[in-house]
Amino acid sequence: ADLDILTIDQLLKFPSATKNQMAQLYFKYGRGMHIIDGSDFGFISLDNLSSVSDEVAQQSPYYSEYIEYFGHDKATNTAIVAAFDDTDGDAEQRRAYLVHLMRLNMIPQHMMTNIGLSIRHCTEVDVYPDVPPSLYWDEFAALYIGSLEGEENS
């Protein structure tokens, strides 16, 4: 995720008459982050990361507090998309706002969802019977630490 955000940060430094379309496309379709979907490795974009399905998000014990604070679901994703569409403001401020939203809001929110799901998966029976108990914890740790691959990718 850090490499995706760094790439978007660099793309936003270039002047654009098209609402920074390349950075938006990278946000929506970039595939710099590996995930495990239970059976195989896959990739996820930052847009997908910030748009966790309602079903998954509602499993987190922090979901109700999120809704209470922000007033609606997917508030960070909505703010990011709105900032990309804003062409009236200062480009440098928009770049800083977008990068900080991604680094300081979106990633920690996703991490909190993962840790909440991990706790719930360990304390409740049959939350997701097909998912290994360590999946959400490993994803949380990978985002927090940076990687779980080690020196050998095996």
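Draft legend 1. Main features of the overall build of the protein. Scanning the protein for helices and strands turns up eight helices and two strands. Each helix (α) and strand (β) of the protein, taken in turn from the N terminus, gives the series α-α-β-β-α-α-α-α-α-α. Per-residue burial over the protein gives 37% buried out of 154 residues. In the protein, once contacts between residues fewer than 6 apart in sequence are set aside, the share between residues at least 24 apart is 53%.

Draft legend 2. A look at the packing of aromatic side chains. Under the criterion given, the structure shown has four aromatic pairs. Plain terms: the ring middles of Tyr69 and Phe70 are 4.9 Å apart, the flat faces sit at 85 degrees to each other, and that makes the pair edge-to-face. Its relative accessible area of 69% is what places Tyr69 among the exposed residues. Residue Phe70 is classed as partly exposed on the basis of its relative accessible area, which comes to 33%.

Draft legend 3. Highlighting the nonpolar core. Membership of the largest hydrophobic core comes to 21 residues, with the highest contact counts inside it found for Ile8, Phe27, Leu46, Ile80, Phe84, Met102 and Met106. Elements with a contribution of two residues or more to this core: α1 (2-12), α2 (21-29), α3 (46-50), α6 (75-85), α7 (91-123) and α8 (135-145). When residues in this core are grouped by element, the largest group, eight residues, is from α7. When residues no more than four places from it in sequence are discounted, the contact partners of Phe27 are Ile8, Ser45, Leu46, Asp47, Ser50, Asn77, Ile80, Phe84, Met102 and Met106.

Draft legend 4. Here's a closer look at the pattern of salt bridges. Evaluated as defined, the whole model comprises two salt bridges. As a salt-bridge pair, Arg95 and Glu92 come within 2.4 Å of each other at their nearest N and O atoms. Placement of both Arg95 and Glu92 in helix α7 is noted, with a separation of three residues, approximately one turn of the helix. Arg95 sits in the buried class, given a relative accessible area of 14%. Residue classification places Glu92 among the partly exposed positions, given a relative accessible area of 44%. One network of salt bridges, in which partners are shared, links Asp9, Glu92 and Arg95.

Draft legend 5. Molecular detail of the environment of Ile115. Locating Ile115 in the fold gives a position in helix α7. For Ile115 and Tyr136, which are 21 residues apart along the polypeptide, the C-alpha to C-alpha distance reads 6.5 Å. When near neighbours in sequence (up to four residues on either side) are disregarded, Ile115 contacts Tyr62, Trp137 and Phe140.

Draft legend 6. Structural detail: the packing of α1 against α2. Viewed as axis vectors pointing N to C, α1 and α2 meet at an angle of 170 degrees, and their least axial separation amounts to 8 Å. Comparing the axis directions of α1 and α2 gives the class roughly antiparallel. Seen along the crossing, α1 lies across α2 with a hand that is left-handed. Contacts between α1 and α2 involve Asp4, Thr7, Ile8, Leu11 and Leu12 from the first element and Met22, Ala23, Tyr26 and Phe27 from the second. Along the lines of polarity and charge, the residues of the contact of α1 with α2 split into seven nonpolar, one polar and one charged.

The rules we used
Residues numbered from 1 in each chain as written. Predicted model: local features only at pLDDT ≥ 70, side-chain atom pairs only at ≥ 80, totals over all residues. Heavy atoms only, no water. Helix = DSSP H or I, 4+ residues; strand = E, 2+ residues; numbered from the N terminus. Buried < 20%, exposed > 50% of the residue type's maximum accessible area, 1.4 Å probe, protein only. Contact = heavy atoms within 4.5 Å. Phe/Tyr/Trp six-rings, centres within 6.5 Å; stacked < 30°, edge-to-face > 60°. Core = buried A, V, L, I, M, F, W, Y, C linked by side-chain atoms within 4.5 Å. Salt bridge = Lys/Arg side-chain N within 4 Å of Asp/Glu carboxyl O. Axes fitted to C-alpha atoms, helices over the stretch in contact; angles between N-to-C directions. Parallel < 35°, antiparallel > 145°, perpendicular 65-115°, else oblique. Left-handed = near helix turned anticlockwise from the far one by under 90°. Nonpolar A, V, L, I, M, F, W, Y, C, P; charged D, E, K, R; others polar.

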